Amino acid sequence: MYRFLLSRQWVIITLVALLLIPTMIRLGIWQMHRYDERTARNQLVSDALTADPVPVEKLTSPGHTVGTGQRYRSVTAVGRFDTEREVVVRRRVNGDEEVGFLVLTPFLLTDGRVLLVNRGWIPADAPTQTTFPKVPAPPAGQVTVTGRLMPDETTAASGIKNLQGLPDRQVMLINSEQEARRLGEPVLGGYIAQTAPEPKNGSPELVGRPGNEDAALNYAYAIQWWLFSAGVPIGWVVLVRRETRDRREAVASEKTTETAKTAETAEAAEAAETAEAAETADTTDTDEPAAV
């Protein structure tokens, strides 16, 4: 009854099912890993944002690479803004997905070193792409700034190409090594996204807090893939049972048809025999001589 499983069609169905089961299990495991990564990242961001601010010099120095554990840490710095060597970062968006610039201003610390400060976003309202936009001025004189420590941007990490031949005072990436070469001074590794003091009239628009990644969605996807993997063998069994039932019904139908045909043949033969006997009887009666 199950010899049909050796047919070409059913061999293919079975092989596909056997391939789907481990594939779906692996996809569920991958989604669970993504869930763990996002949960850890959310916890890291939460811990960093709620930690007390520390002087930026305690976490970074010239040539230092800001690590995962330092990212988003709230830091403070004392010094003054150097607007004469300020640059803008091209093709950046704000919270409303509007394209504009980020304002990157060197901040001269009291010890002579430089800290890069991302003061926020401004719209691209200049007449041309090559024109330096109008940038609101920061507080003058010595000031204390607070911000979130961020790692240097690279093409590998951000996917943003570091284009050459850009207009004067325009860059594509925020990178301390690149800025150190331009400024000719020691620049602390990484940069800070300014959170205080807030700018007058709301411009530049401060970079918003990093949001939590939706880790629960990955957890749901993992459960979904595992349910699919469990459904494959169940579906295979259902298909086999249905095929078996259909084949049994077909065999029973054939037997019924054959029985009906046999009965019809027998009835026809019986009817023929009856007709032949009747005809023979009539012939006999006709051939008998009349009585004298």
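No experiment lies behind these values; they were computed from the predicted model shown. (Residues numbered from 1 in each chain as written. Predicted model: local features only at pLDDT ≥ 70, side-chain atom pairs only at ≥ 80, totals over all residues. Heavy atoms only, no water.)

> What should I look at first to understand the overall build of the protein chain in this one?
Looking only at helices and strands, the protein chain has four helices and eight strands in total. For the protein chain, the α and β elements follow one another from N to C terminus as α-β-β-β-β-β-β-α-β-α-β-α. The C-alpha radius of gyration computed for the protein chain amounts to 42 Å, which surpasses the reference 19 Å derived for 292 residues by more than 25%, pointing to a less compact arrangement than a globule. Over its C-alpha atoms, taken along the principal directions, the protein chain stretches across nearly 160 × 40 × 35 Å. Relative to its 292 residues, the protein chain shows a buried fraction of 31%. Put simply, 70% of the contacts in the protein chain that link residues at least 6 apart link residues at least 24 apart. Surface accessibility of the protein chain: about 18200 Å² in total, with carbon and sulfur atoms responsible for 55%. Charged side chains in the protein chain number 31 positive and 38 negative. The centres of these two groups are separated by 19 Å. (Helix = DSSP H or I, 4+ residues; strand = E, 2+ residues; numbered from the N terminus. Rg over C-alpha atoms; globule rule 2.2 N^0.38 Å. Buried < 20%, exposed > 50% of the residue type's maximum accessible area, 1.4 Å probe, protein only. Contact = heavy atoms within 4.5 Å. Areas by Shrake-Rupley, 256 points an atom, 1.4 Å probe, with all protein chains shown as cover. Lys, Arg positive; Asp, Glu negative; His and termini not counted. Charge placed at Lys NZ, Arg CZ, Asp CG, Glu CD.)

> Looking at this structure, how should I read the pattern of salt bridges?
Side-chain pairing between opposite charges can occur once the charged atoms of the two side chains come close. As enumerated under the stated definition, the model contains 10 salt bridges in all. Among the ionic pairs, Asp111 bridges to Arg113, the shortest N-O distance being 3.0 Å. On the basis of relative accessibility, which here comes to 44%, the residue Asp111 falls in the partly exposed class. Arg113 gets classed as partly exposed once you look at its relative accessible area, which sits at 21%. Taking the shortest distance from any N to any O, the salt bridge between Arg245 and Asp246 comes out at 3.6 Å. (Salt bridge = Lys/Arg side-chain N within 4 Å of Asp/Glu carboxyl O.)

> Sorry, what's going on with the environment of Thr65 here?
Relative to the assigned elements, Thr65 resides in the loop between β1 (54-55) and β2 (74-81). Under the relative-accessibility criterion, Thr65 is labelled exposed at 64%. For the pair Thr65 and Glu205, spaced 140 residues apart in sequence, the C-alpha to C-alpha distance is 27 Å.

> Is there a simple way to think about the pairing of strand β4 (residues 99-109) in this case?
Two faces, one strand: in a regular strand the side chains alternate between the faces of the sheet. Summarising burial for β4: 10 of the 11 residues are buried, a large majority. Relative to β4, β2 runs antiparallel, the two being bridged by three bridges. The partner of Arg80 across the bridge, within β4, is Leu108. Inspection of the sheet shows strand β3 (residues 87-93) paired to β4 by five bridges, in the antiparallel sense. The partner of Val88 across the bridge, within β4, is Val103. In this antiparallel pair of consecutive strands, β3 and β4, the connection spans five residues, and Glu97 shows a positive phi of 65°. Note that β4 and strand β5 (residues 114-123) share nine bridges and pair antiparallel. If you follow Val103 over to β5, its bridge partner there is Gly120. Turn length for the β4-β5 hairpin, with the two strands adjacent in sequence and antiparallel, is four residues, and the turn residue Gly112 shows positive phi of about 95°. (Pairing = 2+ DSSP bridges.)

> Just checking my understanding: could you explain a negative patch on the surface for this structure?
On the surface, Glu264, Glu267, Glu270, Glu273, Glu276 and Glu279 cluster together to form a negatively charged patch. Using a relative accessible area of 54% as the deciding quantity, one classes Glu273 as exposed. (Patch = residues over 30% accessible without salt bridge, like charges linked within 9 Å, V, L, I, M, F, W, Y side chains within 5 Å.)

> I tried to follow the nonpolar core on my own but got confused; where do I start?
A general feature of soluble globular proteins is that nonpolar side chains tend to end up buried together. Counting 18 residues, the largest nonpolar core has Tyr72, Val89, Leu104 and Ile174 as its most contacted members. Among the secondary structure elements, those contributing two or more residues to this core are α1 (8-50), β3, β4 and β5. Those residues in contact with Val89 that lie beyond four places of it in its chain are Gly100, Phe101, Leu102, Leu104, Val171, Met172, Leu173 and Ile174. If you look at the next biggest cluster of nonpolar residues, it comprises 16 residues, including Val56, Phe81, Leu115 and Ile192. (Core = buried A, V, L, I, M, F, W, Y, C linked by side-chain atoms within 4.5 Å.)

> Explanation requested: the packing of aromatic side chains in the structure shown.
Any aromatic ring pair is given by two values, namely how distant the centres are and how the planes are angled relative to each other. Counted according to the given criterion, the structure contains three aromatic pairs. Arranged with centres 4.9 Å apart and planes meeting at 70°, the rings of Phe81 and Phe107 form a pair that is edge-to-face. Remark: Phe107 occurs in strand β4 and Phe81 occurs in strand β2; sequence separation between them is 26 residues. Taking the ring centre of Phe81 as reference, the NZ or CZ of Arg119 above it sits at 5.9 Å. Over the face of the ring belonging to Phe132 we find Arg169, whose NZ or CZ atom lies 4.1 Å from the ring centre. (Phe/Tyr/Trp six-rings, centres within 6.5 Å; stacked < 30°, edge-to-face > 60°. Lys NZ or Arg CZ within 6 Å of the ring centre and 35° of its normal.)

> Just checking my understanding: could you explain the confidence of the model for the protein chain for this structure?
Detail in the predicted coordinates should be disregarded across regions flagged by low pLDDT. Residues of the protein chain with pLDDT of at least 70 account for 94%, and the chain-wide mean is 88. Here helix α4 (residues 215-287) is the element of the protein chain with the lowest mean pLDDT, 80, and β2 is the one with the highest, 97. (pLDDT = per-residue confidence, 0-100.)

> Where do I start with the side chain of Glu86 in this structure?
Position of Glu86 among the secondary structure elements: in the loop between β2 and β3. When near neighbours in sequence (up to four residues on either side) are disregarded, Glu86 contacts Val103, Leu104, Thr105, Pro106, Arg119, Phe132, Val135 and Arg169.

> Sorry, what's going on with α1 here?
Each full turn of the α-helix corresponds to 3.6 residues, which orients residues three or four apart in the same direction. Taking 1.5 Å per residue as the helical rise, α1 with its 43 residues ought to reach 63 Å, and the 63 Å between its terminal C-alpha atoms agrees with that figure. The set of residues buried in α1 consists of Trp10, Ala17, Met24, Gly28, Gln31, Met32, Asn42, Val45, Ala48 and Leu49. (Expected span 1.5 Å × (residues − 1).)

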